[in-house]
Amino acid sequence: MREPKILAPDEWPFDAGVDGAERHRRSDALSGDLFTDTAGQSVIFRGEDDVNRLLRDRRMGAVAMPILQMSGVTHGPLFELWSVLMFGKDGDEHARLRKPIAPEFQSKAIERYRAGMRSNASALLDAAEERGREAIEVWSEYALPLVSLSACEMVGIPAADAAKVGQWSVDLVAGFFLMDKNMLAKTEAAATAFVAYLNNLLERKREDPADDIASRLLGIGPGEPIEHDLSDVELVALLANLVFGGLEATAKVITTGVYHLQKESSWSALVEEPALMPTAVSELLRFAPPVGMARYATEDLATDDVSLAAGQLAMLTIDAASKDPRKYECPMQLQLDRTPGRQIAFGAGPHFCLGANLAKVILEVAFAELTQRYPAARLHEEDGEAVWDYDTFHGITHLTLTLRGASGL
């Protein structure tokens, strides 16, 4: 059997008292495939084969509820929302919540939203130009609002509400991770506000339905009804999950992707060869995935010569797995024409990200609009370094892109 290396407490990345930046530093310093803490409560897996296999293993359970309880949340609005989220279910219950909505996220179904995404991206860039500046703050003025608008349009939330829904989504995502008291307070408030908003939205849809997911889940309006057996509480939780589950992560991929395209001298490649976009998006997700994932063993088990005890956590390091030199040639190089391989940035197995196709189209549109409209864009030299956030999904939350030299300016 393979035995994980035991890390000292000051090397272990996942203690509750370790902030995001330090957690990232400790994870990045590891070299090898398997590690555990001194108490043996968790095992870190960094190899691509291990990570992929464990994501697909149905003996590994979702950790949403256990992690929430580790943050001290055992009741209240956040606990109530989390207890019916698809994200936190396994087996038949997970399939029951996921199956009715899954066809809406197939690639052909998602294509109907591409034109609207392009229009939104163009409008956001128009607005930046109209403010008379020669630069755009990528996170707050482009990435986050574009993803928020896209998620809201699909569900049936008015565009006028996208900004506040986006902020609730960012706050809610913290509930997937260990939270301090300040983060918990924001997340609890977001859960309360968003659930109330969605209940009100459904009441409005009953009076004025449209061809959107919310109306179709109610079985009314011009679109084809979506058949399901969800309770009212489950319906609200599903809509919330569809909006906030991947919103922050996708927005961070846009901002972080702009940074790497600039730093790795790859911006011009997309300017000159737009057809590279699908493989470029796949490569950016491999090169800088925004997620780490965790599962817990629901029973004593062995997986490829690694033993896990029932209740033991498996910490799956997607970033390391995506750069496994046994699977990728020159893994530390960004190669936009790299033949897409097994993509694990969206997970794998039963919990493979439902919104993967939606995210990929948003990313293609976001990078295409920027590179084609601003072929000579560059990182703003006077604005200092990019601001990285590792507390939740990994990525950049402040980045200024100078647009000078582009057509129309």
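Residues numbered from 1 in each chain as written. Predicted model: local features only at pLDDT ≥ 70, side-chain atom pairs only at ≥ 80, totals over all residues. Heavy atoms only, no water.

Asks: Hey, could you run me through the pairing of strand 6 (residues 293–297) in this one?
Replies: Where a strand is regular, its side chains alternate between the two sheet faces. In terms of burial, strand 6 is a largely internal element, four of the five residues being buried. Relative to strand 6, strand 4 (residues 60–61) is paired through two bridges, and the arrangement is antiparallel. Bridge pairing links M60 to A297 in strand 6. Pairing of strand 6 with strand 9 (residues 313–316) involves four bridges; the strand directions are antiparallel. Within the sheet, the bridge partner assigned to Y296 lies in strand 9 and is L313. (Buried < 20%, exposed > 50% of the residue type's maximum accessible area, 1.4 Å probe, protein only. Helix = DSSP H or I, 4+ residues; strand = E, 2+ residues; numbered from the N terminus. Pairing = 2+ DSSP bridges.)

Asks: Teacher, can you tell me more about the nonpolar core here?
Replies: Where a protein is soluble and globular, its nonpolar side chains tend to be buried together. Counting residues in each nonpolar core, the largest one holds 127 residues, and the members touching the most others are F45, W82, Y142 and L401. The greatest single-element share of this core, amounting to twelve residues, is contributed by helix 8 (residues 138–155). (Core = buried A, V, L, I, M, F, W, Y, C linked by side-chain atoms within 4.5 Å.)

Asks: Honestly, helix 1 (residues 20–29) in this entry has me stumped. Any pointers?
Replies: The α-helix winds at 3.6 residues per turn, so residues separated by three or four positions along the chain end up facing the same way. Inspection of helix 1 places G20, R23, R26 and S27 among the buried residues, and these make up the whole buried set. End-on view of helix 1: buried residues confined to an arc of 125°, all on one side of the axis. Of the exposed residues in helix 1, the ones pointing more than 90 degrees away from its buried face are D28 and A29. The N-terminus of helix 1 is capped by D19, whose side-chain oxygen sits 3.3 Å from the backbone nitrogen of A21. (Arc of directions from axis to C-beta. Polar contact = N/O pair within 3.5 Å; in protein donor to acceptor, adjacent residues only side chain to side chain.)

Asks: Looking at this structure, how should I read the side chain of D389?
Replies: Within the secondary structure, D389 is located in strand 11 (residues 387–389). Within polar-contact distance, the side chain of D389 engages the side chain of K252 at 2.5 Å. Ignoring anything within four residues of it in the chain, the contact list for D389 reads K252, H394, G395 and T397. (Contact = heavy atoms within 4.5 Å.)

Asks: So what exactly am I meant to see when it comes to helix 15 (residues 277–287) here?
Replies: Burial runs high along helix 15: nine of the eleven residues are buried. Contacts made by the buried residues of helix 15 are with helix 13 (247–263), helix 14 (267–272), helix 16 (318–321) and helix 17 (356–373).

Asks: Just checking my understanding: could you explain the pattern of salt bridges for this structure?
Replies: Opposite charge on two side chains allows them to pair when their charged atoms are near. For the structure on display, the rule yields 30 salt bridges. The partner of E111 in a salt bridge is R114, and the shortest N-O contact between them spans 2.8 Å. According to the relative accessible area criterion, R114 is buried, its value standing at 15%. Linking R133 and E141 is a salt bridge whose minimum nitrogen-to-oxygen distance equals 2.7 Å. (Salt bridge = Lys/Arg side-chain N within 4 Å of Asp/Glu carboxyl O.)

Asks: Teacher, can you tell me more about the confidence of the model for the protein here?
Replies: Of all residues in the protein, 98% attain a pLDDT of 70 or more, and the chain-wide mean is 94. The element-level mean pLDDT for the protein is lowest in helix 3 (residues 64–70), coming to 92, with helix 8 highest at 98. Contacts for the low-pLDDT stretch residues 405–409, under 50 throughout, to residues beyond four places or in other chains number ten contacts. (pLDDT = per-residue confidence, 0-100.)

Asks: Explanation requested: the packing of aromatic side chains in the structure shown.
Replies: Between two aromatic rings, the relevant description is the distance of the centres plus the angle of the planes. This structure, assessed with the given rule, holds eleven aromatic pairs. Relative to Y390, the ring of W388 has its centre 6.1 Å away and its plane inclined at 10°; by these criteria the two rings are stacked. A relative accessible area of 33% means that W388 is categorised as partly exposed. On the accessibility criterion, Y390 (15% relative accessible area) is buried. One cation-aromatic arrangement involves R286 over Y328; the distance from NZ or CZ to the ring centre is 5.4 Å. Over the ring of F287 we find K323; its NZ or CZ atom is 5.4 Å from the centre of that ring. (Phe/Tyr/Trp six-rings, centres within 6.5 Å; stacked < 30°, edge-to-face > 60°. Lys NZ or Arg CZ within 6 Å of the ring centre and 35° of its normal.)

Asks: Hey, could you run me through the pairing of strand 12 (residues 395–398) in this one?
Replies: Where strand 11 and strand 12 come together, three bridges link them in antiparallel fashion. Across the sheet, the residue bridging to V387 is H398, located in strand 12. Here strand 11 folds back onto strand 12 in antiparallel fashion, the turn holding five residues.

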